[in-house]
Amino acid sequence: MIGGYDMLNGKVAVVTGGTRGIGFATVKKFLENGAKVILLGSRKESVDKAISELKGINENYEVDGAWPNLSNLSSVEEAFKKINEKYGKIDILVNNAGMSSMDKIYDYKEEDFKKIMDLNVNAVFNCSRAVVSYMKENGGGVILNTSSMVSIYGQPSGCGYPASKFAVNGLTKSLARELGRDNIRVNAVAPGVTLTDMMKDVPDSVIEPIIKSIPLGRIGKPEDIANAFLFLASDMASYITGVVLSVDGAARS
Ligand code: NAD
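Residues numbered from 1 in each chain as written. Predicted model: local features only at pLDDT ≥ 70, side-chain atom pairs only at ≥ 80, totals over all residues. Heavy atoms only, no water.

### Focus: the sheet that holds strand β5 (residues 141-146)
Across a sheet, paired strands are connected by hydrogen bonds in the backbone, their directions being either parallel or antiparallel.
(1) Moving on: An order of β3-β2-β1-β4-β5-β6-β7 is seen for the seven strands of this open sheet, with the pairing classed as parallel. The open sheet has two free edges, formed respectively by β3 (63-66) and β7 (244-247), since each of these has just one partner strand. Between one strand and the next, the sheet's axes are offset by a mean angle of 20 degrees, whatever the strand orientation.
(2) Moving on: Contacts from helix α4 (residues 110-137) reach β1 (12-16), β4 (92-95), β5 and β6 (184-191) within the one sheet, and its direction differs from that of β4 by about 175 degrees.
(3) Moving on: Contacts between helix α6 (residues 160-179) and the sheet are confined to β5, β6 and β7, with β6 contributing the most and set at about 160 degrees to the helix. (Pairing = 2+ DSSP bridges. Helix = DSSP H or I, 4+ residues; strand = E, 2+ residues; numbered from the N terminus. Axes fitted to C-alpha atoms, helices over the stretch in contact; angles between N-to-C directions. Contact = heavy atoms within 4.5 Å.)

This is the structure:
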């Protein structure tokens, strides 16, 4: 045991958007639980920085990285092929990379709507498309997606963001039904407001009323979401598929 509960001993996991925030916390949690983790980021520099931070915590962590263009299927396929060749399998994929939007519909630019769909939806399709054959050949696997509480309620601005997360839920439920017979489970976690870089530009005047409305009385931590991913990735969740698990302190927007 490397330092956690050993729930993912011997598993190989790929986590997109693993350089910071929820993705980084998930990578760390998986490493603590005995997985080998390949974290994907948008740039070599941020990937290297995240890896050296993790190695600083525990030099025995087996952590690697890559920076394919997630919105381009060929680029993703090439990266996953290399990972599968190097590690012999891919047991777990966490589709976590994402971006947000607060743009009002009156000013929403067409290219910004396309950009958010490219990362939040197309990348989930591309990575899932690239990994399923390896999982099937290996007897099964787990695909986990980062959705959002706004995939349930929508939000009053930045409509591209909730639209993208509704699509993530659609992919989750549909792929769960399509891939169950191949022993590939597909689930999503829908975080509430979680303290990461994504939230750093949101003013206190917006955050404070949100906290007041959360029954558990606090904002989420990246580790809260990582814990849910750990459970869903592990064999403890072996009969759970097609679920969107809210991790939001019962927040209602
Ligand atoms: P973050 O901004 O801290 O991290 C985003 C991650 O995505 C980073 O690792 C970044 O490198 C990666 N990324 C961004 N653009 C990319 C690109 N073009 N190509 C590849 N990687 C890219 O955000 P976070 O809050 O940790 O968000 C992670 C996920 O959680 C997202 O899918 C987000 O929608 C979701 N989420 C966040 C919150 C929240 O309150 N923070 C709430 C609900 C859902």
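### What about the pairing of β6?
(1) Moving on: Extensive coverage of β6 is indicated by the burial of eight of its eight residues.
(2) Moving on: Bridge count between β5 and β6: six bridges; the pairing is parallel. Along β6, the bridge assignment pairs N145 with A188.
(3) Moving on: Sheet analysis places β6 next to β7, joined by four bridges and oriented parallel. In the sheet register, A188 faces β7, and the bridge partner there is V244. (Buried < 20%, exposed > 50% of the residue type's maximum accessible area, 1.4 Å probe, protein only.)

### Focus on the side chain of S234
(1) Moving on: Within the element layout of this structure, S234 appears in the loop between α8 (222-233) and β7.
(2) Moving on: Relative accessible area serves as the criterion here: at 2%, S234 is assigned to the buried category.
(3) Moving on: A polar contact of 2.8 Å, which involves the side chain of S234, links it to the backbone oxygen of F231.
(4) Moving on: Once residues lying within four places of it in the same chain are set aside, the contact partners of S234 are M7, L8 and R185. (Polar contact = N/O pair within 3.5 Å; in protein donor to acceptor, adjacent residues only side chain to side chain.)

The quantities given are spatial measurements derived from coordinates; they are silent on function.
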